[in-house]
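Coordinate analysis (summary)
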2 protein chains.
Amino acid sequence: MPAPLQFHFDFISPYGYFASRRIDAIAQRHGRTVEWHAMLLGVSVLKVMGLKPLMQTPLKGDYLRRDIPRHARRMGLTLGRSLEGGGSHPLAMARAFQWIKHHQPALQGAAAHTIYEAYWAEGRDLSGPASLTTLNWPEGLDGAAIAAAAASEEAATLLREAVAASIAQGVFGSPTVIVDGEPFWGFDRLGDVEAWLAEGGW
Amino acid sequence: MPAPLQFHFDFISPYGYFASRRIDAIAQRHGRTVEWHAMLLGVSVLKVMGLKPLMQTPLKGDYLRRDIPRHARRMGLTLGRSLEGGGSHPLAMARAFQWIKHHQPALQGAAAHTIYEAYWAEGRDLSGPASLTTLNWPEGLDGAAIAAAAASEEAATLLREAVAASIAQGVFGSPTVIVDGEPFWGFDRLGDVEAWLAEGGW
C-alpha cells in the first residue's frame, strides 16, 4: 500500500480550502489516501519566517483579493465570508481537528471538510470552541464533545505537536502536499502533484 | 489585433527564466504577441513589500532550493549557476534590455532570451555593463553598443520608468503575466493564463 498523501493546511487559508476540495479525488486517482495535518500560518509565516500576514503585504494583498474570488468563481464556489478582516482565529478549529484525528482517524477527512465548509462556504464565526457545537458533523462525531475537546489541554498539546512536526518537515504555506517525501507548496501545484504521482518523480 | 500579453520578469529570477521559455508559444497559440517588461524584485519585494530576499527566508529558501532544480529537470534544462549567492546584480541586464526594447522593440523578445540564456544556462557573470559585450546577440544588435548603453543615463531612466510602471500596475513577483488587465503571478500560473486566454475569463 503506497504511503498517504500528506496534506498540510490551515483552516483560515482560502487556498487550503480550494485544495481540500480536490485532494481526495487526486489521491483516489492514484491509489492513495490522504493524511490531513492542521498547521498554523501564524506560526510558520509570522514567527518562523518573520513575514507579514499575506493580506497585509503591500501589492500581494491586492493581488490575493483578486485571485481568491477568481479561483472561487472558476471552481463554482461561493465564499461565505469577506477576506477583509473579521476572520476567526484558527486555534479552536485546528485543535478540534487534531483531537478528532487522534481519536477517530478514519473521520479526519470528513471532519476537515465539515470545518472548511462551515468556515468558507457558510461563513460562520468559528473563533471559539463553543462555536463548533452546531456544525454539520458527519455520523460518528458529536458536536458537544468536540466543542469540549477543543478547549482541552489534550487538544492544545496535539496541535502544538502537529504544528512543530509540520515545521520540522519544512512546511510553511497552506496548502502543502508531501508525496513520498517530496513537498509541493501551493494550490497551483496540485497539477504537479498529479504529474509526480503519475510519473513517479522526475 | 488583440493586446499583447504583458510579461513582467526579473533576469535574476529562475521562475522568470522558466516562464520566458514558454511565453512565446503560449502567446502564439492564442494569436497574441508578448510585450516584455524588466522589473526588479529588489524594488518590489524588498522596498515596497518590505520582505526579505526569497532565498534568505527561513523554510521558503529551503523549499526553493528543491523546487527550482526540480523544475529545471522537468523542463530538460541545466542551470549553469548556483542558487547560493554569487548572483549578478540585475541592473546592467535590465537597463540594457529596456534600452534595446526602446530603440528596437521588434527585438525585445530575442534580447530577453539572449540575456536569460547567458545568465541561467551559461552561468555568466553579468553584473556589469561590459559583461554584456560578448553575449550571443541576435542579428541587428551590437554587443559593444549595448554595453555602452547599459552604462548610460538614458538606460537608467528607461528602467526606472519601467519599474515604476510595473509596480503601479501591482506587479510584485517574477514572472507576472497580465492578460487584458488580468494579472497572473507565478510560473505555476501559466496554465491559468492559457485557460483565461482560451475561455476569455471566468
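Structure: above.
Presented here is an overview of the structure given in this document.

Cut-off values and rules
- Residues numbered from 1 in each chain as written.
- Chains lettered and ligands numbered in written order.
- Predicted model: local features only at pLDDT ≥ 70, side-chain atom pairs only at ≥ 80, totals over all residues.
- Heavy atoms only, no water.
- Helix = DSSP H or I, 4+ residues; strand = E, 2+ residues; numbered from the N terminus.
- Rg over C-alpha atoms; globule rule 2.2 N^0.38 Å.
- Buried < 20%, exposed > 50% of the residue type's maximum accessible area, 1.4 Å probe, protein only.
- Contact = heavy atoms within 4.5 Å.
- Areas by Shrake-Rupley, 256 points an atom, 1.4 Å probe, with all protein chains shown as cover.
- Lys, Arg positive; Asp, Glu negative; His and termini not counted.
- Charge placed at Lys NZ, Arg CZ, Asp CG, Glu CD.
- Least-squares fit on C-alpha atoms with pLDDT ≥ 70 in both.
- Phe/Tyr/Trp six-rings, centres within 6.5 Å; stacked < 30°, edge-to-face > 60°.
- Pairing = 2+ DSSP bridges.
- Axes fitted to C-alpha atoms, helices over the stretch in contact; angles between N-to-C directions.
- Salt bridge = Lys/Arg side-chain N within 4 Å of Asp/Glu carboxyl O.
- Nonpolar A, V, L, I, M, F, W, Y, C, P; charged D, E, K, R; others polar.

Digging into the overall build of chain A
- Of the regular secondary structure elements, chain A holds nine helices and four strands.
- Expected size for 202 residues packed as a compact globule is a radius of gyration near 17 Å; at 16 Å, chain A falls within 12% of this value.
- Projected onto the principal axes, the alpha-carbon positions of chain A cover approximately 45 × 45 × 35 Å.
- For chain A, the residues scored as buried account for 54% of the 202 residues in total.
- Intrachain contacts of chain A at a sequence separation of at least 6 include 70% that bridge at least 24 residues.
- As presented, chain A carries roughly 8,400 Å² of accessible surface, and 54% of it is formed by carbon and sulfur atoms.
- Charge-centre separation for chain A: the mean point of 18 positive side chains lies 8 Å from the mean point of 20 negative side chains.

A closer look at the relation of the copies chain B and chain A
- Mapping chain B onto chain A leaves a residual RMSD of 0.0 Å; the transformation is a rotation of 180° accompanied by 0.0 Å of translation along its axis. The symmetry that links the two subunits is that of a two-fold axis.
- In this assembly, 100% of the residues forming the interface of chain B have copies in chain A that are likewise at the interface, indicating an isologous arrangement.

Overview of the packing of aromatic side chains
- Enumeration over the complete set of coordinates arrives at 36 aromatic pairs over all chains.
- For the pair Phe9(A) and Phe97(A), a centre-to-centre distance of 5.4 Å together with 80° between the ring planes defines the contact as edge-to-face. Highlighted residues: Phe9(A) in strand β1 (residues 5–9) and Phe97(A) in helix α5 (residues 91–103), separated in sequence by 88 residues. Comparing Phe9(A) with Phe97(A), the two get one shared label, buried.
- Plain terms: the ring middles of Phe18(B) and Phe187(B) are 5.6 Å apart, the flat faces sit at 55° to each other, and that makes the pair tilted.

Observations regarding the sheet that holds strand β3 (residues 176–179) of chain A
All names here are of chain A.
- Ordered in space as β2-β1-β3-β4, the four strands form an open sheet in which the pairing is mixed. Each edge of the sheet is formed by a strand with only one pairing partner; in this case those strands are β2 (34–38) and β4 (182–185). Taking the axes of each pair of neighbouring strands and ignoring which way they run, one obtains an average angle of 20° across the sheet.
- In terms of strand pairing, β3 meets β4 through four bridges, oriented antiparallel. Paired with Ile178 across the two strands is Pro183, which belongs to β4.
- In the packing of helix α9 (residues 190–199) onto the sheet, the strands contacted are β1, β3 and β4, and the crossing angle to β3 comes to about 5°.

Points about the interface of chain B and chain A
- Chain B puts 33 residues into the contact, and the matching count from chain A is 33 residues.
- Our enumeration of links across chain B and chain A arrives at ten salt bridges.
- Here Asp188(B) makes a salt bridge to Arg189(A), at a shortest N to O gap of 2.8 Å.
- Those elements that provide at least two residues to the side of chain B that touches chain A are α4 (60–75), β4 (182–185) and α9 (190–199) of chain B.
- With eight residues, α4(B) is the largest single contributor of residues to the side of chain B that touches chain A.
- Broken down by class, the residue content of the side of chain B that touches chain A amounts to 16 nonpolar, five polar and twelve charged.

Quick word on the environment of Leu126(A)
Residues and elements named next belong to chain A.
- Topologically, Leu126 is positioned in the loop between α6 (108–121) and α7 (143–150).
- As for Leu126 and Gly87, which are separated by 39 residues in sequence, their C-alpha atoms are 8.7 Å apart.
- In this structure, Leu126 is in contact with Ser88, His89, Ala92, Met93, Ile115, Ala118, Tyr119, Ser131, Leu132 and Leu135, ignoring residues within four places of it in sequence.

Looking at the pattern of salt bridges
- Counted according to the given criterion, the structure contains 30 salt bridges over all chains.
- Notably, a salt bridge pairs Arg65(A) with Glu84(A), separated by 2.7 Å at the nearest N-O pair. Of this pair, Arg65(A) sits in helix α4 (residues 60–75) while Glu84(A) sits in the loop between α4 and α5, placing them 19 residues apart in sequence.
- The partner of Glu153(B) in a salt bridge is Arg160(B), and the shortest N-O contact between them spans 3.5 Å.

Examining the sheet that holds β4(B)
Residue and element names in this part refer to chain B.
- Strand order across the open sheet formed by four strands is β2-β1-β3-β4, with mixed pairing between neighbours. Pairing within the sheet leaves two strands with one partner each, and these edge strands are β2 (34–38) and β4. Mean inter-strand twist for the sheet, computed between neighbouring axes without regard to direction, equals 20°.
- By the bridge criterion, five bridges tie strand β1 (residues 5–9) to β2 in an arrangement that is parallel. In the strand pairing of β2, Phe7 is matched with Trp36.
- Contacting β1 and β2, helix α6 (residues 108–121) crosses the sheet at an angle of about 50° to β2.
- With respect to the sheet, α9 is in contact with β1, β3 (176–179) and β4, its orientation differing from that of β3 by roughly 5°.

Everything listed here is a matter of coordinates, which is why it stays silent on function.
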